[in-house]
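Working through the structure, step by step
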Amino acid sequence: MSSIFTWPLAPVRGLMRLGELIQEQIDRELRNPAAVRRRLEEIEAARQAGTISEEEEREAVESILRQATGR
């Protein structure tokens, strides 16, 4: 009997679970040491090429490190 009432919510539950899985994958990617190092190297290369300022470099590095540590 309860399945009759919960059945219409199945698509919503599936969509919520999909959102959770996507968020988990994003979190893993943000904390992946190789990905973090790659992003830091890209920022360093941009600074050396002169496409970003020293201040922008500092802010970008801080942002990446905050994401990587979950703070």
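Under an unreviewed UniProt entry, the name given to the protein is Cytochrome c-type biogenesis protein CcmH/NrfG, and the organism recorded is Nonomuraea rubra.

Looking at the element boundaries, R39 is found in helix α3 (residues 33-49). Leaving out residues up to four positions away in the same chain, R39 has contacts with E29, L30, I64 and Q67.

Looking now at a nonpolar patch on the surface. Together, L15, L18, I22 and I26 line one region of the surface with nonpolar side chains, adding up to about 380 Å² of accessible area. Locating L18 in the fold gives a position in helix α2 (residues 10-31).

Conventions we followed
Residues numbered from 1 in each chain as written. Predicted model: local features only at pLDDT ≥ 70, side-chain atom pairs only at ≥ 80, totals over all residues. Heavy atoms only, no water. Helix = DSSP H or I, 4+ residues; strand = E, 2+ residues; numbered from the N terminus. Contact = heavy atoms within 4.5 Å. Patch = residues over 30% accessible without salt bridge, like charges linked within 9 Å, V, L, I, M, F, W, Y side chains within 5 Å. Areas by Shrake-Rupley, 256 points an atom, 1.4 Å probe, with all protein chains shown as cover. Salt bridge = Lys/Arg side-chain N within 4 Å of Asp/Glu carboxyl O.

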